[in-house]
Amino acid sequence: MDRIRIRGGRPLSGEIAIGGAKNAALPLMAAGLLTEEKLILANVPRLDDIRTMAMLLAQHGLDITPVDPEGRRLAIGGQIRNPVAPYDIMRKMRASILVLGPLLARAGEARVSLPGGCAIGTRPVDLHLKGLEQLGAEIRLQGGYIEALAPGRLRGASIVFPFVSVGATENLLMAAVLADGQTELVNAAREPEIEDLARCLNAMGARIDGIGTDRLVIEGVARLSGAEHTIIPDRIETGTYACAAAITGGDILLRHARLEHLSAVSRTLAESGVDLSETEAGMRVARRNALSGTDVMTEPYPGFPTDMQAQFMALMAMAEGAAMITETIFENRFMHVPELNRMGARINVHGASAIVRGVPQLSGAPVMASDLRASVSLVLAGLGACGETTVNRVYHLDRGYEAVEQKLAACGADIERLSG
């Protein structure tokens, strides 16, 4: 099993190219189920989760064809020949539930295994199912599968989410574009990835208003056509490498990054003593003075993202003073804390909050990754620590970060992947 070895203490300097957003690419790929014509996606990241989604779509009968030598552009489309999403694929990734809405909308039926993925919380699919039922679907759970039927077309409805859910917003948005009549999604998630999905659907012939707000109004259409769409840069990858620059006292350019997608993260980093500035090429991040302890609470967009919580905690472990980090999205997202403490961090968890008392220096140690963002937080801690850190179980990392060791090494990090 692969692991990553880091010898820390080197300030990062140089450039890192930010890839396409994983959390935008996955629903956009699922949107290929909505048309038999070709949906061409550009700026596709090369990640394990992308390969898993491609396998799932192929299982349904779609063709997924690279249209450039590097596989950065994918053509997706074709007939749905199989409405079953099997457990063997679904267990690998929770985002695979996003095929449910498109399958129902276009094929009128779906048999989708309940999904798996990282163990950071329950992430139930109740909102997905209740919303689809409001659109006229008949749903039952049988043997670990969601069995859904849509007699005739789905029907538009007014759906009010009791709390913000990114996945449910995406699934119901894709289902509603082919429904009969008008659908209103109230208290919808507003993440840039959802805005990206809506703009792509409109390019395919959908009629969606309110993009970027918490109220989406969709006028259903009979069919969608093909389109070409470029995936937005990954804001979580951007924030992660910004933390890498900060924890090492470095200065790097994050090429293609969009500062407007990182409003809460950029404000919090600035409060902590990190300089961020927008350039024509992307975003420059530098830290020239000591870090200051800064409190943060994860919230739905435009608040501080839960996917940046672990990385920011690694940063605060080396800040002056204390920081309180409160997690409101997932109940199991402090599994990196014991591993950071193995490296000399002083972090105490009290319910949904972690108190981080900064230390002058972390020490390298062997550590174990538990999920995707925890993995990269340990890499960041290793970059800032003295001595050698070995991060084990990095297969989590490969789900969401492309060539992380090469990108960091190009900026001066002493980092390598070890096999076996």
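Here, the structure is the one placed above.
Report follows, based on the coordinates. All of these numbers come straight from a predicted model, not from anything done at the bench.

Brief notes about the environment of glycine 212
Here's step 1: Mapping glycine 212 onto the fold places it in the loop between strand S12 (207-209) and strand S13 (215-219).
Here's step 2: For glycine 212 and glycine 293, which are 81 residues apart along the polypeptide, the C-alpha to C-alpha distance reads 32 Å.
Here's step 3: The residues contacting glycine 212, other than those within four sequence positions of it, are Arg190 and Glu195.

Focus on the packing of helix H1 (residues 22-30) against helix H2 (residues 48-59)
Here's step 1: One can describe the packing of H1 onto H2 by two numbers: an axis separation of 10 Å at closest approach and a directional angle of 5 degrees. The angle between the axes of H1 and H2 places the two elements in the roughly parallel class. In this structure, H1 uses Lys22, Ala25, Leu26, Met29 and Ala30 to contact H2, whose residues at the interface are Asp49, Ile50, Met53, Ala54 and Leu57.
Here's step 2: A per-class count over the contact of H1 with H2 returns 8 nonpolar, no polar and 2 charged.

A closer look at the pattern of salt bridges
Here's step 1: In total, this model carries 28 salt bridges according to the counting rule given.
Here's step 2: Among the ionic pairs, arginine 288 bridges to aspartate 275, the shortest N-O distance being 3.3 Å. Of this pair, arginine 288 sits in the loop between strand S17 (282-286) and strand S18 (296-297) while aspartate 275 sits in strand S16 (residues 275-278); the two residues are 13 residues apart in sequence, bridging distant segments of the chain.
Here's step 3: With a relative accessible area of 58%, arginine 288 lands in the exposed category.
Here's step 4: One network of salt bridges, in which partners are shared, links Asp2, Asp398, Glu405 and Arg417.

A few points about the sheet that holds strand S1 (residues 3-7)
Here's step 1: In spatial order, the strands read S22-S23-S1-S24; together these 4 strands make up an open sheet with mixed pairing. Each having just a single partner strand, strand S22 (366-368) and strand S24 (414-418) make up the two edges of the open sheet. Sheet twist, expressed as the average angle between the axes of neighbouring strands with direction ignored, equals 20 degrees.
Here's step 2: Strand direction decides the pairing type here: S22 and strand S23 (residues 388-392), joined by 3 bridges, are parallel. Looking at S23, one finds that proline 366 is bridged to threonine 390.
Here's step 3: Contacts from helix H12 (residues 372-384) reach S1, S22, S23 and S24 within the one sheet, and its direction differs from that of S23 by about 170 degrees.

A short note on the packing of aromatic side chains
Here's step 1: The full count for this structure, using the stated rule, is 1 aromatic pair.
Here's step 2: Arginine 111 extends its terminal NZ or CZ atom over the ring of tyrosine 145, reaching a point 4.0 Å from the ring centre.

Section: the side chain of serine 165
Here's step 1: Looking at the secondary structure, you find serine 165 in the loop between strand S10 (158-160) and helix H6 (166-176).
Here's step 2: Polar side-chain contacts of serine 165 include one of 3.1 Å to the backbone nitrogen of alanine 168.
Here's step 3: Among all residues touching serine 165, those that are not within four sequence positions of it are Leu127, His128 and Ala189.

A few points about H6
Here's step 1: Of all 11 residues making up H6, 9 are buried, and the element is well covered by its neighbours.
Here's step 2: At the N-terminal boundary of H6, the capping side chain belongs to serine 165, with an oxygen 3.1 Å from the backbone nitrogen of alanine 168.

Rules of the game
Residues numbered from 1 in each chain as written. Predicted model: local features only at pLDDT ≥ 70, side-chain atom pairs only at ≥ 80, totals over all residues. Heavy atoms only, no water. Helix = DSSP H or I, 4+ residues; strand = E, 2+ residues; numbered from the N terminus. Contact = heavy atoms within 4.5 Å. Axes fitted to C-alpha atoms, helices over the stretch in contact; angles between N-to-C directions. Parallel < 35°, antiparallel > 145°, perpendicular 65-115°, else oblique. Nonpolar A, V, L, I, M, F, W, Y, C, P; charged D, E, K, R; others polar. Salt bridge = Lys/Arg side-chain N within 4 Å of Asp/Glu carboxyl O. Buried < 20%, exposed > 50% of the residue type's maximum accessible area, 1.4 Å probe, protein only. Pairing = 2+ DSSP bridges. Phe/Tyr/Trp six-rings, centres within 6.5 Å; stacked < 30°, edge-to-face > 60°. Lys NZ or Arg CZ within 6 Å of the ring centre and 35° of its normal. Polar contact = N/O pair within 3.5 Å; in protein donor to acceptor, adjacent residues only side chain to side chain.

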